[in-house]
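Reading the structure
Here are the chains, one letter per residue:
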Amino acid sequence: MSGCPIKLHSPLVSIIIVNWNGRELLTRCLAALSGQTRRDFEVVVVDNGSSDGSAEFLRREHPGARLVALDQNTGFAGGNNAGLAVSRGRFIVTLNNDMEPCPDWLEKLAAGFERDPRIGSCVGKMFFYDRHDIINSAGDVLLFDGQGVNRGLNEKDRGHYEREEYVPAATAGAAAYRREMLEETGFFDERYFAYFEDVDLSLRAIRRGWRCLYVPSAVAYHRHMSTTKKMGEDFLIFHATRNKFWNILKDFPNMLIVPALLYSLGGSLFFALRNSRKGAVPRNVARGIIAAFERAREIRKKRIHSIVSAKEFVHALSLFN
């Protein structure tokens, strides 16, 4: 990558950036990577059929990055899978194009894996780009309705998330995964397209006994919702609704599926009722619910064998609730 010498010796980190019409974001993101203190990494940029000249820009200005140019938008899930297919790293980092990591971010994040061989993922502390003292995420909390939420979201940083500790899940906008874990659990499910695919992956990791480490010294700044704003609220509500039900069907222990589905359904109906004056919201909630159950049988077939008990699973979900 131009201005970013990369030493391809082991251990190697592969940083995958999925881009869709985000040319204006790539310059800052790639510049931040060029200043990283850890140098044994490669950058793989997957362009999801952009129409803003992103691919041409990358070929011209950043020839050192490995470009995977797709003909169509395959979403966050499909884009990262395309990047994984050409990556060579022992550790896989997923990084949104609207992220700007601090110089020692990768060094701190990758060092977390040295703590325990069963650490399957590491995640750092994210702040809002325009509010450097407000937390965007300190890892994810997993909810009983199949969703994941950012721990510490919108809280003023008072030093209360400075302890390195295990958290239920990694926020895939800026996370690192052990390839060994991904070979066991699989990567992102492309049917999700976008939203909560990282929750699905975290739930699969929990069921296989892998842990996620929160590394607060690995700091990145996030231009929040940059791509989502382009996709629109209808897109967000439909996919988030559908995918949270899929997480329950696919990843929850059998004894928890029915109560979790009922709980999630109640939450969706309440959300739709609360926004009943916004005609598109109830409609997209309904579309998401219908779409989830139309493919329920197919989704259930993708369940993986669990090595943890239902009790251990519930403990992971409620770890920080």
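Residues numbered from 1 in each chain as written. Predicted model: local features only at pLDDT ≥ 70, side-chain atom pairs only at ≥ 80, totals over all residues. Heavy atoms only, no water.

Turning our eyes to something else, we now look at helix 12 (residues 310-317). Of the residues making up helix 12, those classed as buried are Phe313, Ala316 and Leu317. Down the axis of helix 12, the buried side of the element spans an arc of 100°, and every buried residue falls inside it. Among the exposed residues of helix 12, those oriented more than 90 degrees off its buried face are Lys311 and His315. Tucked into the core, helix 12 has its buried residues touching strand 8 (140-142), helix 6 (197-207), helix 8 (233-251) and helix 9 (254-274). (Buried < 20%, exposed > 50% of the residue type's maximum accessible area, 1.4 Å probe, protein only. Helix = DSSP H or I, 4+ residues; strand = E, 2+ residues; numbered from the N terminus. Arc of directions from axis to C-beta. Contact = heavy atoms within 4.5 Å.)

Further remarks concern the side chain of Asp251. Within the secondary structure layout, Asp251 lies in helix 8. No salt bridge is formed by the buried Asp251; its nearest oppositely charged neighbour, Arg204, is found at 4.6 Å. (Lys, Arg positive; Asp, Glu negative; His and termini not counted. Salt bridge = Lys/Arg side-chain N within 4 Å of Asp/Glu carboxyl O.)

A word on the pairing of strand 1 (residues 13-19). Taken across its 7 residues, strand 1 has 7 buried, putting it largely inside the fold. Burial along strand 1 is two-sided: Val13, Ile15, Ile17 and Asn19 and Ser14, Ile16 and Val18, pointing in opposite directions, are all buried. Strand direction decides the pairing type here: strand 1 and strand 2 (residues 41-48), joined by 7 bridges, are parallel. Bridge pairing in strand 2 places Val13 opposite Phe41. For the crossover that starts at strand 1, traverses helix 1 (residues 23-34) and ends in the parallel strand 2, the hand is right-handed. Across 4 bridges, strand 1 lies against strand 4 (residues 91-95) in parallel orientation. Looking at strand 4, one finds that Ile15 is bridged to Val93. (Pairing = 2+ DSSP bridges. Right-handed = clockwise from strand over helix to strand, strands pointing away.)

Our next topic: helix 9. In this model helix 9 runs 31 Å from its N-terminal to its C-terminal C-alpha over 21 residues, within 8% of the 30 Å that 1.5 Å per residue would give. Listed in full, the buried residues belonging to helix 9 are Leu256, Ile257, Ala260, Leu261, Ser264, Ser268 and Ala272. Contact partners of the buried residues in helix 9: helix 8, helix 10 (280-294), helix 11 (296-300) and helix 12. (Expected span 1.5 Å × (residues − 1).)

Once that is clear, we can look at the packing of helix 1 against helix 2 (residues 54-61). Direction vectors running N to C along helix 1 and helix 2 enclose 30°, while the axes themselves pass 9 Å from each other. Judged by the sense of rotation from one axis to the other, the crossing of helix 1 with helix 2 is right-handed. In contact with Arg23, Leu26, Thr27 and Leu30 of helix 1, helix 2 contributes Ser54, Phe57, Leu58 and Arg60. For the contact of helix 1 with helix 2, the residue count by class is 4 nonpolar, 2 polar and 2 charged. (Axes fitted to C-alpha atoms, helices over the stretch in contact; angles between N-to-C directions. Left-handed = near helix turned anticlockwise from the far one by under 90°. Nonpolar A, V, L, I, M, F, W, Y, C, P; charged D, E, K, R; others polar.)

A few words now on the pairing of strand 12 (residues 211-222). Across the 12 residues of strand 12, 10 count as buried, placing the element largely inside the fold. Sheet topology note: the strand 5 (residues 99-101)/strand 12 ladder contains 3 bridges and is antiparallel. Residue pairing across strands places Glu100 opposite Tyr221, the latter belonging to strand 12. Here strand 6 (residues 119-128) runs beside strand 12; their pairing, made up of 9 bridges, is parallel. Each bridged residue has a counterpart across the sheet, and for Ile119 the counterpart in strand 12 is Arg211.

Outside of glycine, negative phi angles account for most residues, and trans bonds account for most peptide bonds. The residue Asn154 is not glycine, and still its phi comes out positive at about 70°. Looking at the element boundaries, Asn154 is found in the loop between strand 9 (148-150) and strand 10 (165-167). The phi torsion at Phe193 lies on the positive side, around 65°, for a residue other than glycine. One can find Phe193 in the loop between helix 5 (179-185) and helix 6.

Soluble globular proteins tend to bury their nonpolar side chains together. Counting residues in hydrophobic clusters, the biggest one holds 32 residues, and the most contacted among them are Tyr177, Phe187 and Phe188. Elements with a contribution of two residues or more to this core: strand 1, strand 2, helix 3 (75-86), strand 6, strand 11 (174-178), helix 5, helix 6 and strand 12. Setting aside chain neighbours within four positions, we find Phe188 in contact with Phe76, Ala77, Asn80, Asn81, Thr94, Ala172, Tyr177, Glu197, Asp198, Leu201 and Arg204. Of all hydrophobic cores here, the second largest spans 30 residues; its members include Val13, Ile17, Phe41 and Ala218. (Core = buried A, V, L, I, M, F, W, Y, C linked by side-chain atoms within 4.5 Å.)

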